[in-house]
There are 2 protein chains.
Amino acid sequence: MAIDESPARLRAKPSWLISKTSARAHRLIAEAMAGAGGRAYHFAILAALDEFGPGSQAQIGQRCGIDQSDMHAMVNELARQGHVERMPDPGDRRRNLIELTAAGRRRLEELDAALSGVQDSLFDALSAAERDQLTQLLTRILG
Amino acid sequence: MAIDESPARLRAKPSWLISKTSARAHRLIAEAMAGAGGRAYHFAILAALDEFGPGSQAQIGQRCGIDQSDMHAMVNELARQGHVERMPDPGDRRRNLIELTAAGRRRLEELDAALSGVQDSLFDALSAAERDQLTQLLTRILG
DNA sequence: GGCCAAGATTGGTTGGACCAAGGATATTGG
DNA sequence: CCAATATCCTTGGTCCAACCAATCTTGGCC
């Protein structure tokens, strides 16, 4: 799709540009993650565990903006791959404590590298300073 | 979801920020369009017809980045609402010429106003200059 | 003990983006 | 002028992310 041939009214709506960019990113990321046998959600969860330490599914889900039921499925996948361990919280038996394994820590770096590569090809047209600018604008929007 | 509580590794990936922003925009737009009895696709198609004049479904679809089969469904909806007319192209009987009706032209302005309102609430945190900046960055990415 | 809240699990639904095949018509090459 | 190829519409799907609701267990509270 040649963006410069799309209707001007459309091009004038930032939400449309964002949606198209997001779609393209989604495609590239899905590809990259499929090649690595993972998904974007995996990276998010592993990153949360790495930064904040073990936690319940609910906590991690909230931090990453992932739905409870989706969290369940993702933790199943990560546990099956040995990147995460699900263990009952001794202090609250409602909870599963999710813990990063050593393999999970390596996996996080692996996925991070793959995703960083995607960022490079996606934002190829922007300088480093412009990427920062973009990041800051988006962060303010979401704030 | 409080973005400042999400993992730093995630926040550092522009693609993640874009995806979240896109999701929020999608929610707001779906709401606004549902309230008006339409969809985002309707606006795109009407805008293309308004700017480029009548055309085949394939042409319009390419301009807007809409799949052929989805175009079919959307034109059905717009035709049923009287915003568009489907007529056989006399010069090429494979084609349907899609034409904007007078009601469709009014509808376009109506949807445009609704979408502009959504942009305002979505990009509330940005100044007009910053919105332009964002638009330009995204346009360059998609270029 | 009785009640409400939180967490996990299960089992959905919805909408957008895609893909494939077939029938009708055009176009092109020989 | 015929055969092969391409285009366009139409139909009928698939796939996945996002989301929602109900249930069950456990914890906290009065």
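The paragraphs below set out a description of the structure included in this document. All of these numbers come straight from a predicted model, not from anything done at the bench. (Residues numbered from 1 in each chain as written. Chains lettered and ligands numbered in written order. Predicted model: local features only at pLDDT ≥ 70, side-chain atom pairs only at ≥ 80, totals over all residues. Heavy atoms only, no water.)

## As for the overall build of chain A
Here's step 1: A count of helical and extended segments in chain A gives seven helices and two strands.
Here's step 2: When the elements of chain A are put in sequence order from the N terminus, they spell out α-α-α-α-α-β-β-α-α.
Here's step 3: With the C-alpha coordinates of chain A rotated into their principal frame, the extents come out at 60 × 30 × 25 Å.
Here's step 4: Each charge class in chain A can be summarised by its mean position, and for the 18 positive and 19 negative side chains these summaries are 6 Å apart. (Helix = DSSP H or I, 4+ residues; strand = E, 2+ residues; numbered from the N terminus. Lys, Arg positive; Asp, Glu negative; His and termini not counted. Charge placed at Lys NZ, Arg CZ, Asp CG, Glu CD.)

## Regarding the nonpolar core
Here's step 1: In terms of nonpolar packing, the biggest core is built from 74 residues, with Leu134 of chain A together with Leu134 of chain B touching the most fellow members.
Here's step 2: When sequence neighbours within four positions are dropped, the list of residues in contact with leucine 134 of chain B reads Ile18, Leu134, Leu137, Leu138 and Ile141 of chain A together with Phe123 and Leu126 of chain B. (Core = buried A, V, L, I, M, F, W, Y, C linked by side-chain atoms within 4.5 Å. Buried < 20%, exposed > 50% of the residue type's maximum accessible area, 1.4 Å probe, protein only. Contact = heavy atoms within 4.5 Å.)

## Looking at the protein's contact with DNA strand C
Here's step 1: Residues in close proximity to DNA strand C total 20 residues, the closest being Ala58, His72 and Arg86 of chain A together with Tyr41 and Ser69 of chain B.
Here's step 2: Near the protein, meaning within 4 Å, the atoms of DNA strand C are sugar or phosphate in a fraction of 66%, with bases accounting for the rest.
Here's step 3: Separating a base oxygen of DNA strand C from a side-chain N or O atom of serine 69 of chain A is a distance of 3.3 Å.
Here's step 4: The side chain of arginine 94 of chain B places a nitrogen or oxygen atom 3.3 Å from a sugar or linking oxygen of DNA strand C. (Near = heavy atom within 4 Å. Polar contact = N/O pair within 3.5 Å; in protein donor to acceptor, adjacent residues only side chain to side chain.)

## What about the protein's contact with DNA strand D?
Here's step 1: Around DNA strand D, a shell composed of 20 residues is seen, among which Tyr41, Ser69 and Arg94 of chain A together with Ala58 and His72 of chain B lie nearest.
Here's step 2: For DNA strand D, the backbone makes up 64% of the atoms found within 4 Å of the protein, where backbone means sugar plus phosphate.
Here's step 3: Between DNA strand D and arginine 94 of chain B there is a distance of 2.9 Å, counted from a base oxygen to a side-chain nitrogen or oxygen.
Here's step 4: With respect to DNA strand D, the side chain of asparagine 96 of chain B contributes an N or O atom lying 3.0 Å from a sugar or linking oxygen.

## Side note on the relation of the copies chain A and chain B
Here's step 1: When chain A is fitted to chain B, the best match, at an RMSD of 0.0 Å, comes from turning it 180° and sliding it 0.0 Å along the axis. Such values leave the two copies arranged in the relation of a two-fold axis.
Here's step 2: When the interface residues of chain A are mapped onto chain B, 100% of them are again interface residues, pointing to one common binding face. (Least-squares fit on C-alpha atoms with pLDDT ≥ 70 in both.)

## Quick look at the interface of chain A and chain B
Here's step 1: Residue-level contacts link 54 residues of chain A with 54 residues of chain B.
Here's step 2: Both sides of the chain A and chain B interface together cover about 5100 Å² of buried area, and 64% of this is carbon and sulfur.
Here's step 3: It is Arg9, Ile141 and Leu142 of chain A that lose the most area in chain A upon contact with chain B, and together they represent 15% of the buried surface on that side.
Here's step 4: Summed over the shared surface of chain A and chain B, the result is 10 salt bridges. (Buried area = accessible area lost by both parts, 1.4 Å probe. Salt bridge = Lys/Arg side-chain N within 4 Å of Asp/Glu carboxyl O.)

## Some details on the environment of alanine 40 of chain B
Residues and elements named next belong to chain B.
Here's step 1: Note on placement: alanine 40 falls in helix H3 (residues 40-52).
Here's step 2: Taking relative accessible area as the criterion, alanine 40 reaches 40% and is therefore assigned partly exposed.
Here's step 3: If near-sequence neighbours (up to four positions away) are discounted, alanine 40 is found in contact with Ile29 and Met33.

## A look at the pattern of salt bridges
Here's step 1: For the structure shown, the criterion picks out 22 salt bridges over all chains.
Here's step 2: Notably, a salt bridge pairs arginine 9 of chain A with aspartate 50 of chain B, separated by 3.4 Å at the nearest N-O pair. Taken together, the residues span two chains, with arginine 9 of chain A in helix H1 (residues 8-11) and aspartate 50 of chain B in helix H3.
Here's step 3: Residue aspartate 50 of chain B is classed as partly exposed on the basis of its relative accessible area, which comes to 29%.

## A closer look at the packing of helix H2 (residues 14-35) of chain A against helix H2 (residues 14-35) of chain B
Here's step 1: Axis separation between H2 of chain A and H2 of chain B bottoms out at 8 Å; the angle between their running directions is 130°. On the basis of their axis angle, the class for H2 of chain A and H2 of chain B is oblique. When the axes of H2 of chain A and H2 of chain B are compared, the crossing they make is left-handed. Counting all contacts with H2 of chain A, which are made through Ser15, Ile18, Ser19, Thr21, Ser22, Ala25 and Ile29 of chain A, the residues of H2 of chain B involved are Ser15, Ile18, Ser19, Thr21, Ser22, Ala25 and Ile29 of chain B.
Here's step 2: Residues of the contact of H2 of chain A with H2 of chain B, tallied by class, amount to six nonpolar, eight polar and no charged. (Axes fitted to C-alpha atoms, helices over the stretch in contact; angles between N-to-C directions. Parallel < 35°, antiparallel > 145°, perpendicular 65-115°, else oblique. Left-handed = near helix turned anticlockwise from the far one by under 90°. Nonpolar A, V, L, I, M, F, W, Y, C, P; charged D, E, K, R; others polar.)

## Topic: helix H3 (residues 40-52) of chain A
Here's step 1: With 13 residues, H3 of chain A should cover 18 Å at 1.5 Å per step; its first-to-last C-alpha distance of 18 Å lies within 8% of that length.
Here's step 2: Three or more residues of H3 of chain A are buried, namely His42, Phe43, Ala44, Ile45, Leu46, Ala47, Ala48 and Leu49 of chain A.
Here's step 3: In the core, the buried residues of H3 of chain A are packed alongside helix H4 (57-64), helix H5 (68-80), strand E1 (84-88), strand E2 (96-100) and helix H6 (102-122) of chain A together with helix H1 (8-11) of chain B.
Here's step 4: A positive backbone phi angle near 80° is found at glycine 53 of chain A, which sits one or two residues after H3 of chain A. (Expected span 1.5 Å × (residues − 1).)

## Some thoughts on the packing of aromatic side chains
Any aromatic ring pair is given by two values, namely how distant the centres are and how the planes are angled relative to each other.
Here's step 1: Applying the stated rule across the entire model yields zero aromatic pairs over all chains.
Here's step 2: Stacked on the ring of phenylalanine 52 of chain A, the Lys or Arg arginine 63 of chain A has its end atom at 3.7 Å from the ring centre. (Phe/Tyr/Trp six-rings, centres within 6.5 Å; stacked < 30°, edge-to-face > 60°. Lys NZ or Arg CZ within 6 Å of the ring centre and 35° of its normal.)

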